[in-house]
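# Architecture and fold: a report
This is what each chain is made of:
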Protein chains: 4
Amino acid sequence: MIFKYKDYDIYYEIHGQGDPLLILNGIMMSTKSWAEFIEPMSKDNMLILVDFLGQGQSSKEYEQFYHDIQVDIVEALLQHINIPSVNLFGISYGGEIALQYTLKHPDRVKKLFLSNTCANTSYWLEEVGNAWNEATHSGISYYLTTIPFIYSPKFFINNREWMENRKNILVPLFDNKDFVKSMKVLTNSSVGYDVRDKLDQINVPTMIVGCEYDFVTPFYQQKELNDKIRNSQLVYIHDSGHAIMYEKPSLFTSLVLGFVNNSKIMYNL
Amino acid sequence: MIFKYKDYDIYYEIHGQGDPLLILNGIMMSTKSWAEFIEPMSKDNMLILVDFLGQGQSSKEYEQFYHDIQVDIVEALLQHINIPSVNLFGISYGGEIALQYTLKHPDRVKKLFLSNTCANTSYWLEEVGNAWNEATHSGISYYLTTIPFIYSPKFFINNREWMENRKNILVPLFDNKDFVKSMKVLTNSSVGYDVRDKLDQINVPTMIVGCEYDFVTPFYQQKELNDKIRNSQLVYIHDSGHAIMYEKPSLFTSLVLGFVNNSKIMYNL
Amino acid sequence: MIFKYKDYDIYYEIHGQGDPLLILNGIMMSTKSWAEFIEPMSKDNMLILVDFLGQGQSSKEYEQFYHDIQVDIVEALLQHINIPSVNLFGISYGGEIALQYTLKHPDRVKKLFLSNTCANTSYWLEEVGNAWNEATHSGISYYLTTIPFIYSPKFFINNREWMENRKNILVPLFDNKDFVKSMKVLTNSSVGYDVRDKLDQINVPTMIVGCEYDFVTPFYQQKELNDKIRNSQLVYIHDSGHAIMYEKPSLFTSLVLGFVNNSKIMYNL
Amino acid sequence: MIFKYKDYDIYYEIHGQGDPLLILNGIMMSTKSWAEFIEPMSKDNMLILVDFLGQGQSSKEYEQFYHDIQVDIVEALLQHINIPSVNLFGISYGGEIALQYTLKHPDRVKKLFLSNTCANTSYWLEEVGNAWNEATHSGISYYLTTIPFIYSPKFFINNREWMENRKNILVPLFDNKDFVKSMKVLTNSSVGYDVRDKLDQINVPTMIVGCEYDFVTPFYQQKELNDKIRNSQLVYIHDSGHAIMYEKPSLFTSLVLGFVNNSKIMYNL
C-alpha cells in the first residue's frame, strides 16, 4: 500500500495480527527482501514492512536528503496506520533510523532490536561509502565493491552457487542508472550521522546483535551500543557477516520473535 | 505432582497450554529454580518442569545410578502425561540427558535447545567433579568450591549483595548431609558420559548457547556440539558464566521462546 | 642490489649480521615498506629484503605469471647470496609464497613466520581481487576499494591525519598506469593457489599471527593454518587489521624477533 | 644465592649476561619453576630469578604480610646486585607485584611484561582464594581445588599423563603443612590489592598477555590493564589457561624475549 508523506509516495505492507513489529530495511533492501520472513514473523504478530524514501516502491528522490526525513517517515507511517506504539527492528541503515526514531519518539517504541548497526558514520564508513559511490559506473563494479563485504567469506564460499545466482540478478540491477542513483543518495544520507552522546537517553528494552565477520559495521560497534544503552542485551553470532538474515535466516527469526514476544521484564540485577 | 517410575517418586509440574516445552535441570537445580520463568515461558506454551532422580521433590536415591535412568525417567514422564513429542530444553547436566534422550527417542523431540552443556565428561570435568566431592565435608567449603565457578567473575562482583544473600541460603543447604549426598550421586552419575561419536545422528532442529565465562563447560564444547550436529545454530553470549538463566534472565527467556515458537524451518543454504 | 633471475632484475637488500631473516612482502609492498623496521630487525640478525617480480625495483612483468615464479625467485636469491637456510617471514601474499617455498625446499627453512595469510585463494578472495582489478581506472577508485579494508576501522578512524597523508601519497601512485598494471598481474598471480592438502607436510617450527579486524585474510584462515601445521603456534592480535606492521609496529617487531631468536625448542607436550 | 632483607633470607639466581630481565613468580611457583627457561632466557640476557618471601628457598614467614613487603624485596634485590634498571616480567601474583613496583620505582623499570595478571583482588578472586584456603586440610583436596582451574581444560585433557605425573608430585607437596601454610599466607597477602586508579601513571613500554581459558585472571582483566596503561600492547593466546609458560613454553619464551630485546620504540601513531 501507498501513503503520502509530503510529496512522496511511501510503500508499506501489513501482515498478520498481534503485537506490532515494524521492520526498517538496510540500505540495499526493500520490502521485497523480507518475502521469506513474512510467514514466521506474522504468525503471532502484526508485521509492518516499509520502503524508505529511495527504496523499492517508494519515491526515488534525487535531491540529497538525510536521515531526519526517514525518521519523520516512520512517524508519519505510524500515524497513518494509527498504531500508538511498536516493537521496532532495524538492521544496518534501518538500525540507525531506529535509534534516531527511538530518541525522538521514546513513547512510541515498546522494544528496540538493533542488528548489525552503529551509532555514527565514522570516517572509515564514510570512505567505504565513497568506495561504493565510485563504483557506480558499472553493475559488475558495484557488485564486486559491495557484495563480497556484506556476506561473510565462509558463507560466500560455501554457498557459491547461491552467490552466483545472486550475482546474475544483482549485476543487471546495479547497471540500472536510477537504482544506483538512489543508492548514492541513500549512502550519502548517512554522512554526519552520530548519536553516540545520546545513547544514554534510551530506556526501552533493547536487544543488539553483532556478527563475527561483519565487515561493514564491525562488532566493536555493537559492543559500544550495548555499553552505552542502559537496558540492553547483546548477542554475538559466530560465522555470520553483515547480512545475518540471509546467512542465518532461522536463527535470525528466532532472535527477533523471542525478544519481541518475551513477557519477561528486563532488568539488571 | 508426583508419578512413580519403578519405586521412585518423580516430581513434575505443568503450566499453561500450547506447544509443549520440557525443561531439564542443571545438576544443582530443581523445579523451584524456574519460579521466575514460569510466567513468561507458559504464556504461549505448555511448560513442563521435572525434578530428576536425586533432585528437589523427587526421590533421593543413595545407590549410585548413571545417566541412563534419567533418560528413562524423561520417557516415563512423557508417557505418563501422554505427550507424543516435545520441545526439549536442557542446561548443563540437563543438556547431557537431553542429548541422550534425543538419540534414543528421536521422534519424540520436535526441537532441541542445549545451553551450557557438553558431549562428554572429560578427564578435566571429572577432576572438577572430584573437587566438588572432596568439598562435601562443610557447607562453606562446598559453596566456595562450586559457586564462584558457576557464575561469571563480573556478575559475581557486580552483584555482590545478591551473591552474599545466595551464600546465606546455600551454605546451610550445603551443610545438609542428605543434600550433598544426593549431589555426590548426581555428580558421579555423569562419569563415563560420552556421545561425541553419535552427534551426527541427531537431525532435529537444534539451538546451542555458550557463554564467554563458562568455567564448567567452556565454549569450545558448544562449538564442538555445533560442528557435529547437522541442523544446529550457535549463539555466543558475552559477559555470562555457566548460570546464564540467572545472569541474563530476560535474554535467556528470549532465546528459548524465540527458538521454540519460530515456524521458520531451519536449513543450511 | 640487483641479481638476474632468467631475464628479470630482482632487487634485494641485506642489512646487519647474524641468524638470517628473509622477509617476503605483501602484494602492495616493496623493500621500501620496511624502512622503519631495518634498524630493529638487523640489530641481531642478517635481514634480507627482496622485491618480488612486479614489485618495487624488480622488473615489472606484464605477461601474467603465477606464484611458482616467485617461489623460484626466493630460491635463486638464496643461491645468489649463498645462504644455506633462513628464517622465513611472509605476510599476506608473501606468506603464501613462504608456505610454497617451505613445501618445496623444507631444508632451507629454519623457522617459518606467517602473518595475515591463508592456505588458498578462495572464491571470495578471488572476487575481492576482481573488485581491486575493476577499480584500476582511477587512483581514487583503487585507493577506496583497497585501503579501507587493509587497515582496521578503529586504526583508520583514530589515525585520520596519518591516513589522509597516506591517501595523498597513494592516490597519485595508483593513478600510475604501470603501477596498477603490475598490481593486476600480482593479484591475478594468486588465482588457483591452494596448499590446504599439503600443510601436514610442514615440519619446521612455525608461528602464525592473525588479527581481529583482518578483512582480507580473516582470522579463521590463520586458525586453519594452525590446525593443519604440526609444529605451529598461534597469536591473535586484538584491534588490528590486515596491515599489522603499520598498526602495531612495535608489537609486530617483538613477535618476529622473539620467534626468530628464541632457542627454546618447540614441542607439543 | 641468598641475601638478607631485614631478618629474612631471600633466595635468587643470576644466569647469563646482557640486558637484565627479572622474573617475578606466580603464587605457587619458585625459582625452580623456571628450570627449562633458563637456557633460552639467559642466552642474550642477564636472567634474574627470585623466590618471594614465602616461596621456594626464601624464608617461610608465618606472620601475615601483604604485597608491600614483596615490592620492597624486589627493590632490595636490585640494590643488592647493583642493577640500576631492569626489564620486569611478572605472571599472576608476580604481575601484581610488578605493577606496584613499577608505580613505586618507575625509573627502575625499562620495560614491563605482564602475563595473566590483574589490577585488583576482586570479591570473586577473594572467594576463589577462600576456596583454596578451605582446601588446605588434605593434599588431594588442595590439588583438586587449584590445579584444574590453573590449566586450560583442553591442555589438561590432551596431556593427561603429564597431569597425572604432576598430581603424583603435587599431592604430597600439598600434604606438607608448612607448604600450605605458606600458600595461605601468600594467598591472603593479596587481599585489598587494587591499583586500578593508578594505572594511568605507568609510562614504561608494557606488554600484556592474556589467555582464552584463564579461569583465575580472566581475559577481561588484561583488557582492562591494556585500556588503562598508556603505552601498552596486548596479545591474546587461544587455547591456553592461566599457566601459559607450561602450556605454550616456546611461544611464551618468544613473547618475552621478543619484547625485551626489541629496540623498536613503542608509539601510538
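Note: the structure precedes this text.
Criteria and cut-off values
- Residues numbered from 1 in each chain as written.
- Chains lettered and ligands numbered in written order.
- Predicted model: local features only at pLDDT ≥ 70, side-chain atom pairs only at ≥ 80, totals over all residues.
- Heavy atoms only, no water.
- Axes fitted to C-alpha atoms, helices over the stretch in contact; angles between N-to-C directions.
- Helix = DSSP H or I, 4+ residues; strand = E, 2+ residues; numbered from the N terminus.
- Parallel < 35°, antiparallel > 145°, perpendicular 65-115°, else oblique.
- Left-handed = near helix turned anticlockwise from the far one by under 90°.
- Contact = heavy atoms within 4.5 Å.
- Nonpolar A, V, L, I, M, F, W, Y, C, P; charged D, E, K, R; others polar.
- 1 Å grid on protein atoms, 1.4 Å probe; cavity = no way out; pocket = protein on both sides within 12 Å on 5 of 7 lines; lining within 4 Å.
- Points joined across faces, edges and corners; volume = space filled by probe spheres on them.
- Buried area = accessible area lost by both parts, 1.4 Å probe.
- Salt bridge = Lys/Arg side-chain N within 4 Å of Asp/Glu carboxyl O.
- Polar contact = N/O pair within 3.5 Å; in protein donor to acceptor, adjacent residues only side chain to side chain.

### As for the packing of helix 5 (residues 139-150) of chain D against helix 7 (residues 160-175) of chain D
Residues and elements named next belong to chain D. The interhelical angle for the contact between helix 5 and helix 7, taken along N-to-C directions, is 125°, at an axis separation of 8 Å. Judged by the angle between their axes, helix 5 and helix 7 are oblique. Here helix 5 runs over helix 7; the crossing is right-handed. Judged by residue contacts, G139, I140, Y142, Y143, T146 and I147 of helix 5 engage M163, K167, L170, V171, F174 and D175 from helix 7. Its residues assigned to classes, the contact of helix 5 with helix 7 comprises eight nonpolar, two polar and two charged.

### Thoughts on empty space enclosed by the protein
In total, this model carries three cavities of 30 Å³ or more according to the counting rule given. For the largest cavity, the calculated volume is near 800 Å³. If you go around the largest cavity, you meet 40 residues; those closest to its centre are Y236(A), H238(A), Y236(B), Y236(C) and Y236(D). Mapped onto the lining of the largest cavity, the elements with two or more residues apiece are strand 7 (206-213), helix 9 (219-228) and strand 8 (232-241) of chain A, helix 9 (219-228) of chain B, helix 9 (219-228) of chain C together with strand 7 (206-213), helix 9 (219-228) and strand 8 (232-241) of chain D. Residue composition of the lining of the largest cavity, by class: 24 nonpolar, four polar and twelve charged. Its volume calculated, the second largest cavity comes out at about 100 Å³. At the level of secondary structure, the elements contributing two or more residues to the lining of the second largest cavity comprise helix 11 (249-260) of chain A together with helix 11 (249-260) of chain B. By residue class, the composition of the lining of the second largest cavity is two nonpolar, six polar and two charged.

### Focus: the interface of chain A and chain B
Across the contact, 34 residues belong to chain A and 34 residues belong to chain B. Buried surface at the junction of chain A and chain B, summed over both partners, amounts to about 2,800 Å²; 58% is from carbon and sulfur atoms. For the interface between chain A and chain B, the tally reads two salt bridges. Between K264(B) and E36(A) there is a salt bridge, with its nearest N and O atoms 2.8 Å apart. If you look at where chain A meets chain B, you find 15 residue pairs in polar contact (both at pLDDT 80 or more). Listing elements by their share of the side of chain A that touches chain B, those giving two or more residues are helix 1 (38-42), strand 8 and helix 11 of chain A. For the side of chain A that touches chain B, the element with the most residues is helix 11 of chain A, which contributes nine residues. Across the side of chain A that touches chain B, the residue classes break down as 20 nonpolar, ten polar and four charged.

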